Structure formats: C-alpha cells, structure tokens
Amino acid sequence: RMWAVLLLAPVFLIGLANVIGPFVFNQPPFAGLERVEQMRTFTWIGALVLTAVTGYGMYWLATTPRRNKASVTLFRLGELQVGYIARRRLDPGQALRVLVVGIFALLAVLTARHAWMAAYINYDLATEYLVYAHGAPSNKIIVNYLTEMSQRLTDGMNIQVAYDDKFSWPGSWYMRQFPSAVFLGDANNASGWENYQAVIIDTDKSARLEPQFADRFYRFDMIRLWWPMQDYFGLTMQRIDNALGDGEMRQGLWDIWWSRSYDTYGAAKARMAGSSPDEFDIDKWPVAERLAFYVRKDVAAQLWDFGVGAARVSGLPADPFNTLRCDTCAAETAWTAAPGAFNAPRGVAVGPDGNIYVADTQNSRIVVLAPTGEMLRTFGALSVTNDADPAGPPLGTLREPWGVAVDAEGRVIVADTWNHRVQIFTADGEPLAAWGMFERVDPTFSISGSSTGFYGPRDVEVDAEGRIYVADTGNKRVRVYDSTGGYLMDIGSEGSQPGQLLEPVGLAISDATGELFVASTWNKRIDVFSLDGSFLRSWDVPAWYGNTATADSGNRPYLALDRTGRYLFVTDPDSARVLVYDTNGAPVLQFGRLGSAPYGLGQFGVLGGIAFDEENRLVMADAGAARIVRFASGAFPGLMVEVEAPPEALPTEAIQPTPTGRIF
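Everything quoted here is computed from the prediction, not taken from an experiment.

Enquirer: Any details on helix H9 (residues 263–273)? Residues and values, ideally.
Expert: Along H9, the positions that sit buried rather than exposed are Tyr 265, Gly 266, Ala 268, Lys 269 and Ala 270. If you follow the buried residues of H9, they end up packed against helix H8 (247–259). At the exit of H9 stands Gly 274, carrying a positive phi of roughly 80 degrees.

Enquirer: Before we move on, could you go through the sheet that holds strand E12 (residues 356–360) and cite the residues and values that matter?
Expert: The sheet built from 4 strands is open, its strands ordered E11-E12-E13-E14 with antiparallel pairing. Of all the strands in the sheet, the pair left with one neighbour each is strand E11 (345–350) and strand E14 (375–379). The mean inter-strand angle of the sheet, taken between neighbouring strand axes irrespective of direction, is 20 degrees. As defined by bridge partners, E11 adjoins E12 across 4 bridges and the pair is classed as antiparallel. Within E12, the residue paired with Val 350 across the bridge is Ile 356.

Enquirer: Let's hear about the sheet that holds strand E37 (residues 607–612): which residues, and what values?
Expert: Read across the sheet, 4 strands follow the order E10-E39-E38-E37 without closing on themselves; strand pairing throughout is antiparallel. Edge positions in the sheet fall to strand E10 (333–335) and E37, since each has one partner strand and no second. Between one strand axis and the next, the sheet turns by 20 degrees as a mean value, whatever way the strands run. Bridge count for E10 against strand E39 (residues 627–631) is 3 bridges, and the pairing is antiparallel. Looking at E39, one finds that Ala 334 is bridged to Val 629.

Enquirer: I'd like a rundown of unusual backbone geometry, residues and numbers included.
Expert: Note that the residue after Ala 597, namely Pro 598, is joined by a cis bond; omega there is -5 degrees. Examined against the element boundaries, Pro 598 turns out to sit in the loop between strand E35 (593–594) and strand E36 (603–604). One non-glycine residue, Ala 344, lies in positive phi territory at about 55 degrees. Examined against the element boundaries, Ala 344 turns out to sit in the loop between E10 and E11. By relative accessible area, Ala 344 is classed as buried at 15%.

Enquirer: How would you sum up the side chain of Ser 364? Please name residues and give values.
Expert: Its location among the elements puts Ser 364 in the loop between E12 and strand E13 (365–369). Here Ser 364 falls in the buried class, since its relative accessible area comes to 3%. Among all residues touching Ser 364, those that are not within four sequence positions of it are Gly 380, Ala 381, Leu 382, Leu 398, Arg 399, Glu 400 and Pro 401.

Enquirer: Could you give me a rundown of the pairing of strand E17 (residues 403–406), with the residues and numbers involved?
Expert: Consecutive side chains of a regular strand alternate in pointing toward one face of the sheet and then the other. Taking every second residue as pointing to the same face, both faces of E17 are buried, with Gly 403 and Ala 405 on one and Val 404 and Val 406 on the other. One ladder, built from 4 bridges, connects E17 with strand E18 (residues 412–416); its direction is antiparallel. Across the sheet, Gly 403 pairs through a bridge with Ala 415, a residue of E18.

Enquirer: Outline the layout of surface pockets, listing residues and values.
Expert: The volume enclosed by the largest pocket comes to roughly 1,200 Å³. In terms of lining, the largest pocket is formed by 45 residues, of which the most central are Glu 461, Val 462, Ile 509, Asp 511 and Arg 563. At the level of elements, E11, E17, strand E23 (459–462), strand E27 (504–510), strand E31 (559–561) and E37 are the ones that each hand at least two residues to the lining of the largest pocket. Taken together, the residues that form the lining of the largest pocket break down as 24 nonpolar, 9 polar and 12 charged. Estimated volume of the second largest pocket: approximately 600 Å³. Lining the second largest pocket are 22 residues, and of these Ala 17, Asn 18, Gly 21, Phe 25 and Trp 254 sit closest to its centre.

Enquirer: Let's hear about the packing of aromatic side chains: which residues, and what values?
Expert: The relation between two aromatic rings is expressed through the spacing of the ring centres and the mutual angle of the planes. This model, assessed by the stated rule, comprises 31 aromatic pairs. Each ring, one from Phe 217 and one from Tyr 294, has its centre 6.3 Å from the other, and the planes form 85 degrees; the classification is edge-to-face. Linking Phe 217 in strand E7 (residues 217–226) with Tyr 294 in strand E8 (residues 288–296), this pair joins segments that are 77 residues apart in sequence. The class of Tyr 294 is buried, set by a relative accessible area of 2%.

Enquirer: An account of the nonpolar core is requested, with residue identities and associated values reported.
Expert: Core analysis: the biggest nonpolar cluster contains 36 residues, and Trp 193, Phe 569, Phe 591, Phe 631 and Phe 636 have the highest contact counts within it. Of all elements in the fold, only strand E6 (198–202), E8, strand E32 (567–572), strand E33 (577–582), strand E34 (587–591), E37, strand E38 (618–622) and E39 reach the threshold of two or more residues within this core. Residue contributions to this core peak at 3 residues, all from E37. Non-local contacts of Phe 636, meaning those with residues more than four positions away in its chain, are made with Cys 329, Phe 569, Leu 589, Phe 591, Leu 618 and Phe 631.

Enquirer: Tell me about a nonpolar patch on the surface, residues and numbers included.
Expert: Together, Phe 30, Phe 42, Ile 45, Val 49 and Val 53 give the surface a local cluster of nonpolar side chains, amounting to about 520 Å² of exposed area. With respect to the helices, strands and loops of the structure, Phe 42 is situated in helix H2 (residues 35–63).

Enquirer: Explain the packing of helix H4 (residues 138–154) against helix H5 (residues 168–175) to me, and be specific about the residues and the numbers.
Expert: At a minimum axis separation of 10 Å, H4 and H5 run at an interaxial angle of 30 degrees. By the criterion of interaxial angle, the relationship of H4 to H5 is roughly parallel. In the packing of H4 onto H5, the handedness of the crossing is right-handed. Taking contact as the criterion, the partners of Asn 139, Lys 140, Val 143 and Leu 146 in H4 are, on H5, Pro 170, Tyr 174 and Met 175.

Enquirer: Describe the state of the cysteines, with residues and values.
Expert: In the structure shown here, the tally under the stated rule is 1 disulfide. Across a sulfur-sulfur distance of 2.0 Å, Cys 326 and Cys 329 are joined as a disulfide pair. Its S-S torsion of about 95 degrees marks the bond between Cys 326 and Cys 329 as right-handed, since a negative value means left-handed. The residues Cys 326 and Cys 329 share a single accessibility class, namely buried.

Enquirer: Give me the lowdown on the pattern of salt bridges, citing residues and values where you can.
Expert: A full pass over the atoms with the stated rule returns 33 salt bridges. For Asp 463, the salt bridge identified is with Arg 467, shortest N-O distance 2.8 Å. We note that Asp 463, like Arg 467, is buried. Notably, a salt bridge pairs Arg 563 with Glu 614, separated by 3.6 Å at the nearest N-O pair. Taken together, the positions of Arg 563 in the loop between E31 and E32 and Glu 614 in the loop between E37 and E38 put the pair 51 residues apart, joining distant regions of the chain. Shared partners join several salt bridges into a network, and the residues in it are Asp 472, Arg 477, Arg 479 and Asp 490.

Enquirer: Give me the lowdown on the environment of Lys 269, citing residues and values where you can.
Expert: Within the secondary structure, Lys 269 sits in helix H9. Under the relative-accessibility criterion, Lys 269 is labelled buried at 17%. Sequence spacing of Lys 269 and Ala 243 is 26 residues, and the spatial spacing of their C-alpha atoms is 9.2 Å. Other than its neighbours up to four places away in sequence, Lys 269 contacts Asp 231, Met 249, Gly 274, Ser 275, Glu 279 and Phe 280.

Cut-offs applied
Residues numbered from 1 in each chain as written. Predicted model: local features only at pLDDT ≥ 70, side-chain atom pairs only at ≥ 80, totals over all residues. Heavy atoms only, no water. Buried < 20%, exposed > 50% of the residue type's maximum accessible area, 1.4 Å probe, protein only. Helix = DSSP H or I, 4+ residues; strand = E, 2+ residues; numbered from the N terminus. Contact = heavy atoms within 4.5 Å. Pairing = 2+ DSSP bridges. Axes fitted to C-alpha atoms, helices over the stretch in contact; angles between N-to-C directions. 1 Å grid on protein atoms, 1.4 Å probe; cavity = no way out; pocket = protein on both sides within 12 Å on 5 of 7 lines; lining within 4 Å. Points joined across faces, edges and corners; volume = space filled by probe spheres on them. Nonpolar A, V, L, I, M, F, W, Y, C, P; charged D, E, K, R; others polar. Phe/Tyr/Trp six-rings, centres within 6.5 Å; stacked < 30°, edge-to-face > 60°. Core = buried A, V, L, I, M, F, W, Y, C linked by side-chain atoms within 4.5 Å. Patch = residues over 30% accessible without salt bridge, like charges linked within 9 Å, V, L, I, M, F, W, Y side chains within 5 Å. Areas by Shrake-Rupley, 256 points an atom, 1.4 Å probe, with all protein chains shown as cover. Salt bridge = Lys/Arg side-chain N within 4 Å of Asp/Glu carboxyl O. Parallel < 35°, antiparallel > 145°, perpendicular 65-115°, else oblique. Left-handed = near helix turned anticlockwise from the far one by under 90°. Disulfide = S-S within 2.5 Å.

Now the structure itself:
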C-alpha cells in the first residue's frame, strides 16, 4: 500500500492544482458558453474527478485494514489449535511520510522536465531563465547562410564578407572559416561597400552607414545577443501586490514558469502598463542587441533563396562616382562657435562683406563669422509660441532655422523652418520683415492655398534681381517672392513626374544662365528650372539613401554653384560626402567620407549647407561634428578655379504667373 500511495500522491497534487488554479487565475469554470470557456469548464470537472478519485484512493489505502497472510498466530486452547490472520492499517505517520516522498518525487519530475526544456528546447532562446546573456540563433543562421552562399558562388569558402566589432563576439570564431572575411572594427572609416558580397553590422551603426550602401543590398534584421526578460528590475512591494492581485497577471506568471510562454503576461502588462501586447514576441524581444545582415542584390539574384532570381543575372548599376573619388581633398581649416558651441548647424551663406552666416539650427540662432573664423555676433532667439497661436511668433525669434541667404544689399534672409515663415534681418541682426504661416497644401487640389503658407521651409536663395526663392519642403514646391516679400509664383508641385518635386530642400541659382537647381530629396534627383518656373531637365543622384518617404534620417541635401558657374556641388549628408557635377549632370568628382570624433579635415559627421566665397573657397556646415569647414580654392583637382567673367544671361520672358500663382 505504501507504494500505491506513493504513486497516487503526485497525481493527486497535479489534479488539486488544476482544481484550484482556475480560481487563482480568475478563470473559474461555468463562466460562459463560448467554446474556450466550455473547454475550461470540462477540464476543471475532469480535474475535480481525478482529484476526488485519487484522494479517496489514498484515504482508503491509509485507513482500511488489510489481511497479512504472512502473519499467523497460533493459540493452543486445550487440544484445540486456533489460528487467525492479523489485520492492520497503514500507520498515519507512515502515510504522511509517503506523501512527502511523493511531493519530492513530483519536484524531481518537474526538475527533470525543466532541465530537458533548458537543454534541448529553449537552450538558444531568451525565454529560458537558466541562461543569462547569450548569442541568439542568428549568429549560426548567418554563418550557415554565408557557408551556402560561398560554396555556391566560389566553390569554396572565399566569399567577400565584412563584419564589425559587435558581431566579432562571438562571430570571430565562426569567421575563421572564411579566409576573405574583413574585420571592420567600429566601421567608422569603412568604405568600398560594393566590394563585399555580404556585410554584417550592428543596427546602431546601420542607420549611419546604410546610406553609403546605396540601393545595392538587401537587408535582413536579426537579433545578435539577448537576455532573459528583466521586468523584475526595480521590483517593489507595490508592484508585487499589483501583479498578484490581478488574475490575468497571475496566469501570465504561471505560464512563464510552467511553459516559458509570455503571451498572457504580455497581454496583462499591456493592459496594466500600456505597453505593446507583442513586446515579448521572440522577434521583438525587448532586451536584445540587434544586427543587420546585408546581401548584395546581384549576389542574391544568383541565389534564389535569398532574393528574386533570374535565369540571366546582370550586375548592379555602377556608381559613376566610384572612380572619381578624391581621397586627398581635405578642408584647410575648421571652426566652432566659441564661445558657445554650434548645435547641428545647417544652412550657410557668404555675404558681400565676406562674412559667413550660419543657421545654427538647434540653437535657433544665426551665427556670423569673420572670414578668419572669428565669431562676430549672433542674433535670433528661440520662439516659444506654437503653430496654433493666432498672434504668431514674435519678430526676430527663430525655431530651428535651416536655411540662410544674403542678398546684394547685405540683408540676411532666413528660412525659419518650424515657425513656417521667412524672415529678413539686417547684417547686424535687426529684424526687418517676416511673412508666412503653417499651411499644409492638399495635393489633390490644384490650388496652392494662400500666398504665404509654408510647411517647414528648409532653404532659401536670392537671385540677381533680388527675388527670393524658398524651398517649401513639406508642400513639395518652391515659392518665389520679390525683395519685399510680395508673392510672385510657385515652381513645381508634388509628385515624381518631370517638373514635380518630393521633399525639395537645397537650392542653387545660376544668374548667368537663368536657372534654378533644386534637390528633390525623395525623388533622388536634381531638377533644373528656368527662373520663370519652366522645367528644363533633371538627372538622378546616386545618393540620399537615408532619406525616403517611409524611412528618413532627417538629414537633407544642399546645393551650391561654384564661382565659375560650371560646377554644382551636392551634399550627400548621411554619407558625409560631396558630389560634384557639371551643370548638365555629368559626374566630375566626389570627396569626403564619414568619420568619428575627433574628426579630421577630410572626415565629417552629417553634412549641412554649402556656399562659395568671393575667392571660390568652399564653406560647408558639418552638422554632425558641430563645426564649419572651409576648403581652399585649389583643393579639388581637375576643376577650373579661376573666376572668369560669366557669360551673358540668356534672355527670359517676363514672369507671368497664373491666377493661382502656380506655373504649369
């Protein structure tokens, strides 16, 4: 009987847990007629029957006397010999000891179960608490991918793969089998990505480096390293009380312990704390470091498991600037705004007095530097009003200005970006005029709205006639005003067709040829218009891959024509390089590369605005490094630097805007 009780005890305990559990987890039986609720009810009834049967069986075994055939006592009564069979019950103390042994037997079974789960089921997953920080399955998955790719591409292990310092733990051990693998370190100065068939970098770096990849790679996001859930950090008695007082949370904690399932816990936490209900989905695990695995598209096309394959594979379009890089082109000097540092400077312009005017964007001010780099003055103060204030921001205040220009009279015109207006100042910083208000134009209508509406204007330019051109970035157009702010016309409209714009920012004007150059950021092209608004031509730019309508770094390209009027300089802000074209779109040169602090004179952070002074020296805002740099006039080999008399401007007709002001 002792062995029978020992066998029944674990079954009884399991049944008892299933009888009590639904009430503990606020999921009682007989709570509804839905299929799940009925299944819960029948399960509870079954557990109740099992508990009752096993409980009664244990009670009967412990209390009912039994015959012991081996124990016979003989009595001699006279000549009569009498025998009887002794009866005895299971001793209660012995029954209790058997029950305790049964409990420990159950614990042993549970220990074996969880050990099996840890060793053979959840060994690679962060859901398992028996393992702390450890590599995620992606490390082995990537190596398996690389092995298959290499064997199919090179008939060996000679795939060209690059990896950074984060993947090197534990990736370096796996990378030893690929003799052509390249360790990039922190990858700050890495380049030549088109030479690699695969690249592995940490996601913290990918946002900074991916614009250099252009459109040559497929990206796969994976988890590199993870930890078990850490919601127990900062645990207090109040949190414990809240958790144990909620039935769904109690069920969630049980599910984590019993089956390492976080579904119910995640739902309960979302209800109680407002977090995402899928926070603990394995592909969204919150306590993890992630990586980006890139496969070059022409390689993927040959491996149909990795990309869209074809019977005939052609190479990727070559970047026309690959053979035009100038690695020796470096700035001659760099300036910071001491005292008081720059904070993400964007627009830059050079006035007729030779001074340099900088839109110190995050400081909401204009900084004026002497040609030697000495800080002369600042003007502007942070606006504290909002878009809904009918009075508008006070004159002379700024909110993240992105663009600045200086006209022939020395007036400073500022694109006051998030005040959605244009302001004019004297060279000394006295405010003269302002116009503009927030207005989002609906592209489904053919009207342009009011004549002073803007949505985050990012750049501003002035032509020889004093007309002011404003990149109305959010409304996908360029607005043109006379020197006093009188409205003249709009150039461009939202779209991707010839003459249409998406996120226009950088502007450059050639007075000699009567042309306006516009950086249409999301179209990834330069659009050229006549100064009367007629579309002339455009060309694609192999850059700005950090800026799309759906995934945007927030940085924007700027343009500048050098003093000869022959070369258009175009910034690729996220790649920290400058592309040089002739005015017909032929590539000429590229220079600059992404760096890290302390930045050298040939390495930059995120590029901002650019301009040329009277000596044809390039002045550029390095927003990422919080500085202004200047290049000597002869810094760019092969470019004509002497400023010749410009050719006569092409005759243009008088500007005749339509009644709505839009040029079609």
